[in-house]
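Residue-level listing of the chains:
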Amino acid sequence: MQNFSINNFNRGENNPPPKKNFDFKLYKKNTIKSLNEIEYFLNNFQKFVKCFKFSKFFK
């Protein structure tokens, strides 16, 4: 019999990536930033719709 070390049995196997720590402050910051971007887009979209209706009215 041969002596096998533990490392010989793990050859060719991919090790799973390390777990990421959950950072609540970063998650909160990203969520608030996303909500602000959505709000900004919707406000600009409403202005665009108003201008479009206004120009369509005068045609």
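How each quantity is defined
- Residues numbered from 1 in each chain as written.
- Predicted model: local features only at pLDDT ≥ 70, side-chain atom pairs only at ≥ 80, totals over all residues.
- Heavy atoms only, no water.
- Helix = DSSP H or I, 4+ residues; strand = E, 2+ residues; numbered from the N terminus.
- Buried < 20%, exposed > 50% of the residue type's maximum accessible area, 1.4 Å probe, protein only.
- Areas by Shrake-Rupley, 256 points an atom, 1.4 Å probe, with all protein chains shown as cover.
- Phe/Tyr/Trp six-rings, centres within 6.5 Å; stacked < 30°, edge-to-face > 60°.
- Patch = residues over 30% accessible without salt bridge, like charges linked within 9 Å, V, L, I, M, F, W, Y side chains within 5 Å.
- Salt bridge = Lys/Arg side-chain N within 4 Å of Asp/Glu carboxyl O.

**Let's talk about the overall build of the protein**
Line of reasoning, step 1. Helix and strand content of the protein: 2 helices and 0 strands.
Line of reasoning, step 2. The buried share of the protein, taken over its 59 residues, is 0%.
Line of reasoning, step 3. With an accessible surface of roughly 7,000 Å², the protein has 61% of that area assigned to carbon and sulfur atoms.

**Digging into the packing of aromatic side chains**
Line of reasoning, step 1. What the rule picks out here adds up to 3 aromatic pairs.
Line of reasoning, step 2. With a centroid separation of 5.5 Å and 50° between ring planes, the pair formed by phenylalanine 22 and tyrosine 27 is classed as tilted. Summarising the burial analysis for this pair, phenylalanine 22 and tyrosine 27 share the class exposed.
Line of reasoning, step 3. Here the aromatic rings of phenylalanine 41 and phenylalanine 45 are separated by 6.0 Å at their centres, their planes lie at 20°, and the arrangement is stacked. Taken together, the residues span about one helical turn, with phenylalanine 41 and phenylalanine 45 both in helix α2 (residues 24-57) at a distance of 4 residues.
Line of reasoning, step 4. The exposure class assigned to phenylalanine 45 is partly exposed, which follows from its relative accessible area of 43%.

**Side note on a nonpolar patch on the surface**
Line of reasoning, step 1. Taken together, the side chains of Leu35, Ile38, Phe41, Leu42, Phe45, Phe48 and Phe52 make up a nonpolar region of the molecular surface, amounting to roughly 760 Å² of accessible area.
Line of reasoning, step 2. Residue phenylalanine 41 is classed as exposed on the basis of its relative accessible area of 51%.

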